Every structure is written in structure tokens, then in C-alpha cells.
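# Coordinates in review
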Amino acid sequence: MATKKTTFDIDALLSPTNTDFRMVQIMDEEGKIVNPDLMPDVTDEELVQFMSDMVWSRILHERSTALNRQGRLGFYAPTAGQEASQLGSIAAIEKEDVLLPGYRDVPQLIKHGLPLSQAFLWSRGHAGGSDFAEDLKALPPQIIIGAQYIQAAGVALGLKKRGKQNVAITYTGDGGSSQGDFYEGINFAGSYKAPALFFIQNNGWAISTPRHVQTAAQTLAQKAVAAGIPGIQVDGMDFLAVYAITKKAREYAIAGNGPVLIETICYRFGPHTLSGDDPTRYRDNAELEGWQAKDPLIRMRKYLTEKGLWSEDKENEVIEAAKEEIKVAIQDADKAPKQKVSSFLKNMYEDNSFVTAKEQIETFEAKENK
């Protein structure tokens, strides 16, 4: 991640004709501010909250991994290394903005208002995990790669038609940017100037397929050009850069200018998911160690410590609070009613008078009630 160029014209970057796809960075790996002109207007309290959120997310990742290994969680996609990309972006939007996450984006969903216990139920495949409160402006995590881009385009157009000053925000990975839904989503949103923020979290690998095999494009941000929308590449390990660019992109979108595509350069320290992927089979330790030196928590910790806003004691407080929150949430998830086959059928069929479904439900209910 080079830091030689220290000037960026944000207005030029937020243009459908932008061809400057240099990586935007505010804070380098040493915790030094290298682009002070881009520094967002945030308070010391907000900076501390940013760091607290990333520490919370790292602990959530570690505990979720352990819970998965214990058989207490189901599907889990590791998030370590992507905290700045995920939480820097979600911190920059409003509660009335609509979040359409991918399956690795559970931390954003929780920060947007989903109870942690419900997130655990979603991981287990429990129907209650997707039964969101009416005031939560979000959809459940999308499993189909890239499908959330199509949904986000439609949601954003709906927001525009209803006169809302809000955006739809969605995420996919570098592999997702090779899907047809990706192109259809950004093209549709661009054509109708729908207020959507499309994120590509470029973590280097689509399971075992490296980024350079995905596409011959020099950057993924430049794919925005074909849709006639702005494309910006950001240091996804730099919370402040992600936050600042997301803020600017949101302002651009709600002003009626249409969507923005943001590529965040980050890395997943662990496997693609805990469902059998072994990253040691396709990437070496040198690569991993190189990226671990760019850890978003390390650079923010250095920056805040130098400002006198962070300490080891403060971090330990956040860690212990996160562990307790997770402990309570998994206990609450354990109390959820067990699922029944008859419930699956009721959830599947809108009209239960359909004779075959009705007969099946009655049969299963009779067996379950014995």
C-alpha cells in the first residue's frame, strides 16, 4: 500500500467520468495521518467508539469461531482483517438507510440494530434469525453470491420514488464482482440514478481463487465506468478512509446523483468460511504475515494511543464487555423454540389451503404433538 501520493480531489473521484483509481488512504500502517486534508470531522469520543467497534468485532470473530467448533453455531464466515472496511462503512450511514449484507457482513447488521442473539440464530439456520423487527432497515444476509446487488438496486429505486433521503448499502467480495448480478445491479442503479452504495470488499481471494484470476481489470473500482457511475478504491484496512469516503458517497447519492461503487482493499486473515476451507492449501504464510502487519486494529491503536485516547486497560474493558455480551446472546439463542417440520412448511407456503401442503402440515403436526 503506497502512500507517496497525498492529494485527492474528492469531487473528481465522485464523478461518473472518474478515471483516478489510486487507493485513497488517510492513516498508514504506522498509525500516521498521511492525508490530513481528507480527515473526517470526528470527535475524540467518536474515534474511541470506532476503535471499540473494531475490538468488539475481533472478539466476536474469535468467539464465533470457538462456538462453531463447539457445534453451537452453524454457518460462519470469518471477518478478522475486514473490521475497518465493514465497520468504517456502517458507521457512516444512518439508521433509516437500508442495509443489504452478504454472508460475511453480520457485524454491520448487528451495528445497524440486529440483536446479537438473533444473529446467532441466523447462523444456526433458525427461522427466527431472519424475522427482523419492523424498524430494522435491513434484509437478512444474502447467501447467493452477488444477488444482494440486484436487491440493493431495487430498494434504492424504491427509496428514490418515495422521496426518502436515504441510501441502500450493500457488499460483495472480489469474487462477487465477477457475477452477472453485480453488473446488472450497478447498471440498473446507474441508469435510474438510484441512491445505492455498492461495496466490493476486495480481500484478495474468492475462496481459493486469487484476485488476479477473477478479472484482467487493474482495479475492481474501475468496473464502475461501464455503468456510468463513480468508482473509488479505498484502503480497506484504514477505518478513517473508509468512513470518510462512505460519508462523501452517501452525500453524493442522496443529492440525486445516483450510486457509487467503492472497492475496499482488505484481507481475510482466516478461511473463507469454517465449512471446510483450508487457506494454507492456496496461500503462503509470507502473504498472511505481510497483511497482518497492516491490521486495522494495530494502526488505529497506535494512532489513538499517541493521542492519549487509548490504553491497554481501555482495550481490556472493551474485550471483557464483548465477551459478556456474547455469552448472554448465545444463552438467549439457546432458549429459542426448537424448529418443527410443520413450521418449515408453513413458512414456505403462503397459501396453506393448498391441499398437498395442508395435508403434509397436518401429518407432521400430528407426529410432533405425540
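Since the structure is predicted, the reported quantities are computational estimates derived from the model, not experimental observations.

With that settled, consider the overall build of the protein. From N to C terminus, the protein includes 14 helices and 7 strands. For a compact globule of 370 residues, the expected C-alpha radius of gyration is about 21 Å, and the protein comes in at 21 Å, within 12% of that figure. In the protein, which comprises 370 residues, the proportion classed as buried is 55%. Taking the intrachain contacts of the protein between residues at least 6 apart in sequence as the baseline, contacts between residues at least 24 apart amount to 73%. With the model as given, the accessible surface of the protein reaches about 16800 Å², and the carbon-plus-sulfur share is 50%. For the protein, the distance from the average position of its 41 positive side-chain charges to the average position of its 50 negative side-chain charges is 3 Å.

Before going further, it helps to spend a moment on the confidence of the model for the protein. Averaged over the protein, the pLDDT score is 94; the fraction of residues at 70 or greater is 95%. Counting interchain partners and residues more than four positions distant, the pLDDT-below-50 stretch residues 1-5 has 14 contacts.

Where strands meet in a sheet, backbone hydrogen bonds hold them as pairs that are either parallel or antiparallel. The strand order 1-2-3-7-6 describes an open sheet built from 5 strands, whose pairing is parallel. With partners counted over all chains shown, the strands left at the sheet margins are strand 1 (98-100) and strand 6 (231-235), one partner each. Within the sheet, the average angular offset between the axes of one strand and its neighbour, ignoring direction, is 20 degrees.

Take the environment of I169 next. Residue placement: I169 occurs in strand 2 (residues 168-173). Residue I169 is classed as buried on the basis of its relative accessible area, which comes to 0%. Sequence separation between I169 and G71 is 98 residues, and the spatial gap between their C-alpha atoms is 32 Å. Setting aside chain neighbours within four positions, we find I169 in contact with S89, I93, V98, L99, L100, L197 and F199.

What the rule picks out here adds up to 13 salt bridges. Ionic pairing is found between R72 and D334, a salt bridge with its closest N-O pair at 2.8 Å. Within this pair, whereas R72 is found in the loop between helix 2 (44-69) and helix 3 (83-90), its partner D334 is found in helix 12 (residues 312-334), the two being separated by 262 residues in sequence. A cluster of three or more residues bridged by salt bridges with shared partners is formed by R58, E83 and D295.

The subject of this paragraph is the UniProt feature "domain: Dehydrogenase E1 component" (unreviewed entry) in the protein. Using the residue numbers shown here, the UniProt feature "domain: Dehydrogenase E1 component" (unreviewed entry) corresponds to residues 54-341. Helix makes up 46% of residues 54-341 and strand makes up 11%, while its end C-alpha atoms are separated by 39 Å.

Here helix 12 contains 23 residues, and its C-alpha end-to-end distance of 33 Å stays within 8% of the 33 Å for a straight helix at 1.5 Å per residue. Along helix 12, the residues classified as buried are E315, V318, I319, A322, I326, A329, I330 and A333. Contact partners of the buried residues in helix 12: helix 2, helix 5 (116-124) and helix 11 (296-306).

Judged by nonpolar contacts, the single largest core of 72 residues is most densely connected at F120 and M300. Beyond its immediate chain neighbours, meaning those up to four positions away, F120 contacts L60, S64, L67, L73, I326, A329, I330 and A333. Core analysis: the second largest hydrophobic core is formed by 21 residues, V98, F182, A194 and I229 among them.

Within the secondary structure, L67 sits in helix 2. You can call L67 buried: its relative accessible area is 2%. A C-alpha to C-alpha distance of 9.0 Å links L67 and I330, two positions 263 residues apart in sequence.

Before going further, it helps to spend a moment on the side chain of E263. Structurally, the position occupied by E263 is in strand 7 (residues 260-265). R211 is the oppositely charged side chain nearest to the buried, salt-bridge-free E263, at an N-O distance of 4.8 Å. Polar side-chain contacts of E263 include one of 2.9 Å to the backbone nitrogen of A221. Apart from the residues lying within four places of it in its own chain, the contact partners of E263 are I200, N202, T219, L220, A221, I232, Q233 and V234.

The next subject is unusual backbone geometry. Unusually for a residue other than glycine, K193 sits at a positive phi of about 50 degrees. Within the secondary structure, K193 is located in the loop between helix 7 (180-191) and strand 3 (196-202). Backbone geometry places I207, a non-glycine residue, at a positive phi of 55 degrees. What makes I207 partly exposed here is its relative accessible area of 40%.

Partitioning the protein into structural domains gives domain 1 (21-336) and domain 2 (340-369). Relative placement of domain 1 and domain 2: their C-alpha centres are 38 Å apart.

We now examine the packing of helix 2 against helix 11. It is the contact of helix 2 with helix 11, at a shortest axis distance of 10 Å, that shows an interaxial angle of 150 degrees. Relative to helix 11, the element helix 2 is oriented roughly antiparallel. Remark: the crossing between helix 2 and helix 11 carries left-handed chirality. Contacts between helix 2 and helix 11 pair L47, V48, F50, M51, M54, V55 and R58 from the former with P296, L297, M300, R301, Y303 and L304 from the latter. Among the residues forming the contact of helix 2 with helix 11, the class breakdown is 11 nonpolar, no polar and 2 charged.

Glancing now at the packing of helix 3 against helix 9 (residues 239-257). It is the contact of helix 3 with helix 9, at a shortest axis distance of 8 Å, that shows an interaxial angle of 35 degrees. Judged by the twist between their axes, the crossing of helix 3 over helix 9 is right-handed. Counting all contacts with helix 3, which are made through A84, S85, L87, G88 and S89, the residues of helix 9 involved are F239, V242, Y243 and T246. A class-by-class count of the residues in the contact of helix 3 with helix 9 yields 5 nonpolar, 4 polar and no charged.

Conventions used here
- Residues numbered from 1 in each chain as written.
- Predicted model: local features only at pLDDT ≥ 70, side-chain atom pairs only at ≥ 80, totals over all residues.
- Heavy atoms only, no water.
- Helix = DSSP H or I, 4+ residues; strand = E, 2+ residues; numbered from the N terminus.
- Rg over C-alpha atoms; globule rule 2.2 N^0.38 Å.
- Buried < 20%, exposed > 50% of the residue type's maximum accessible area, 1.4 Å probe, protein only.
- Contact = heavy atoms within 4.5 Å.
- Areas by Shrake-Rupley, 256 points an atom, 1.4 Å probe, with all protein chains shown as cover.
- Lys, Arg positive; Asp, Glu negative; His and termini not counted.
- Charge placed at Lys NZ, Arg CZ, Asp CG, Glu CD.
- pLDDT = per-residue confidence, 0-100.
- Pairing = 2+ DSSP bridges.
- Axes fitted to C-alpha atoms, helices over the stretch in contact; angles between N-to-C directions.
- Salt bridge = Lys/Arg side-chain N within 4 Å of Asp/Glu carboxyl O.
- UniProt positions renumbered as here; feature names shortened; annotations may be inferred.
- Expected span 1.5 Å × (residues − 1).
- Core = buried A, V, L, I, M, F, W, Y, C linked by side-chain atoms within 4.5 Å.
- Polar contact = N/O pair within 3.5 Å; in protein donor to acceptor, adjacent residues only side chain to side chain.
- Domains from an automatic or database assignment.
- Parallel < 35°, antiparallel > 145°, perpendicular 65-115°, else oblique.
- Left-handed = near helix turned anticlockwise from the far one by under 90°.
- Nonpolar A, V, L, I, M, F, W, Y, C, P; charged D, E, K, R; others polar.

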